[in-house]
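Chain residues, written in single-letter form:
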Amino acid sequence: MAEQPDPLIHQPMRLKIMAALKALPGAEQIEFVRLRKIVEATEGNLGAHIQTLEQAGYIAVEKDFAQNRPRTRVKLTKGGRRAFEDYVGYLRDLIAG
Amino acid sequence: MITSQQAHDALQEAATAERRSAESYSYSRSAPYCILWGLIWMAGYGGMTVLKGANVGWLWLILSAIGMAISIWFGNNKADAQGRGGWRVGLVFVIIAAFTFALFSVLPPTNELQVGAYSPLLLSAIYAALGLWRGTRYILLGAFMAAATLGAFFYLKDFFFVWMAVVGGGSLLLTGLWMRHG
């Protein structure tokens with residue numbers, strides 16, 4: 001068991017983002033707008049956390065245009081999935097004592 | 001250092017976000033099918049109010065073929081990142097057709113109202129069962145569709161097909177739009 005939880009995922013909103021992305025099958029992406037509704041964040045708040053997670057290599061962000069509208073899609077990377085699982089394992093170990 | 005209670009709360013938050021995300025994902029993938037088949041039901045049941053006999057069969061055959069072709073195209077187009085999904089949509093229709101053939105062989109319907117009520121009732125049961133895993137919107141759709149179908153079957157016989165076109169097709173269409181918006 002790690003001595004300290006991953007500080008990047010430990011932040012409540014980032015934990016929710018990582019959990020929401022983990023629920024998607026395989027390498028599926030989710031649109032920013034849909035993710036915002038799921039984690040109940042403001043646009044600016046979610047954008048800032050996404051940037052932090054992207055810089056850590058936990059998520060990948062893809063920006064393009066769909067039907068002439070800008071679209072941002074996000075997905076969990078392999079490293080991010082591993083980090084999230086480690087974090088959840090840390091919490092479970094803590095509860096188990 | 002975080003406490004055991006904080007760890008428990010964090011896991012619950014994560015579980016809630018995972019469940020909401022899984023539901024949202026499922027809704028986003030089901031939405032186009034609901035919209036498509038809502039429109040097809042509107043056209044099919046609407047057509048049954050003016051067409052009779054073999055023409056009704058032809059109408060549903062053509063509409064079903066169109067619906068299946070578009071559904072399979074959706075399936076291929078929206079196959080997930082691992083490429084799964086497309087061929088399964090086609091297989092769903094084969095399973096439903098085989099079940100319907102078997103059921104009607106054992107319990108042949110005696111009038112066109114029974115045939116008209118069959119598909120909505122079957123779909124209601126499928127949606128309600130699916131909702132136990134995939135989210136409450138499926139359960140609501142299934143329950144509403146079953147109630148609307150049974151209500152019209154027993155109490156609105158003269159307007160059954162109009163009712164199914166507007167209420168049956170309409171509820172599928174509206175649920176599809178609701179699902180599309182997350």
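Criteria and thresholds
- Residues numbered from 1 in each chain as written.
- Chains lettered and ligands numbered in written order.
- Predicted model: local features only at pLDDT ≥ 70, side-chain atom pairs only at ≥ 80, totals over all residues.
- Helix = DSSP H or I, 4+ residues; strand = E, 2+ residues; numbered from the N terminus.
- Rg over C-alpha atoms; globule rule 2.2 N^0.38 Å.
- Buried ≥ 20, exposed ≤ 12 C-beta atoms within 10 Å, placed from the backbone.
- Contact = placed C-beta atoms within 7 Å.
- Pairing = 2+ DSSP bridges.
- Expected span 1.5 Å × (residues − 1).
- Core = buried A, V, L, I, M, F, W, Y, C linked by C-beta atoms within 7 Å.
- Nonpolar A, V, L, I, M, F, W, Y, C, P; charged D, E, K, R; others polar.

(A) The overall build of chain A, seen in detail. Scanning chain A for helices and strands turns up 5 helices and 3 strands. Listed N to C, the secondary structure of chain A is α-α-β-α-α-β-β-α in terms of helices and strands. Expected size for 97 residues packed as a compact globule is a radius of gyration near 13 Å; at 14 Å, chain A falls within 12% of this value. Along the three orthogonal principal directions, the C-alpha set of chain A runs to about 55 × 25 × 20 Å. Considering chain A as a whole, with its 97 residues, one finds that 32% of them fall into the buried category. Counting contacts in chain A only where the partners sit at least 6 residues apart, residues at least 24 apart contribute 57% of the total.

(B) Seen up close, the pairing of strand 3 (residues 69–76) of chain A. Residues and elements named next belong to chain A. Pairing geometry for strand 1 (residues 30–31) and strand 3, over 2 bridges, is antiparallel. Residue pairing for strand 3: Ile30 is matched across the bridge by Val74. Here 8 bridges tie strand 2 (residues 59–66) to strand 3, and the two strands are oriented antiparallel to one another. By the bridge assignment for strand 3, Val61 is matched with Val74. Between the end of strand 2 and the start of strand 3, which pair antiparallel, lie 2 residues, with Gln67 showing a positive phi angle near 50 degrees.

(C) Highlighting helix 4 (residues 43–55) of chain A. All names here are of chain A. Under the 1.5 Å per step criterion, the end-to-end length of helix 4 is 18 Å for 13 residues, consistent within 8% with the ideal 18 Å. Buried residues in helix 4 make contact with helix 1 (7–10), helix 2 (12–22), helix 3 (32–39), strand 2 and strand 3. With its phi angle positive at about 80 degrees, Gly57 sits one or two positions after the end of helix 4.

(D) Examining unusual backbone geometry more closely. Residue and element names in this part refer to chain A. The phi dihedral of Glu40 falls on the positive side, at around 55 degrees, and the residue is not glycine. Structurally, the position occupied by Glu40 is in the loop between helix 3 and helix 4. If you check the backbone angles, Asn68 has positive phi at about 65 degrees while not being a glycine. Among the structural elements, Asn68 can be located in the loop between strand 2 and strand 3.

(E) Structural context of the nonpolar core. With 30 residues, the main nonpolar core has Ile17(A), Met18(A), Ala20(A), Leu21(A) and Leu35(A) as its most contacted residues. Broken down by secondary-structure element, the contributors of at least two residues to this core are helix 2, helix 3, helix 4, strand 3 and helix 5 (78–96) of chain A together with helix 1 (4–48) of chain B. Setting aside chain neighbours within four positions, we find Leu35(A) in contact with Ile17(A), Ala20(A), Ile30(A), Leu46(A) and Val74(A). If you look at the next biggest cluster of nonpolar residues, it comprises 23 residues, including Tyr33(B), Leu123(B), Phe161(B) and Trp163(B).

(F) Structural view of the environment of Glu62(A). Inspection of the secondary structure assignment puts Glu62(A) in strand 2. The contacts of Glu62(A), once residues within four sequence positions are left out, are Gln29(A) and Arg73(A).

(G) Inspection of the interface of chain A and chain B at higher detail. Contacts between the two partners involve 21 residues from chain A, matched on the other side by 20 residues from chain B. Each residue belonging to the side of chain A that touches chain B can be placed in one class, and the counts come to 15 nonpolar, 1 polar and 5 charged.

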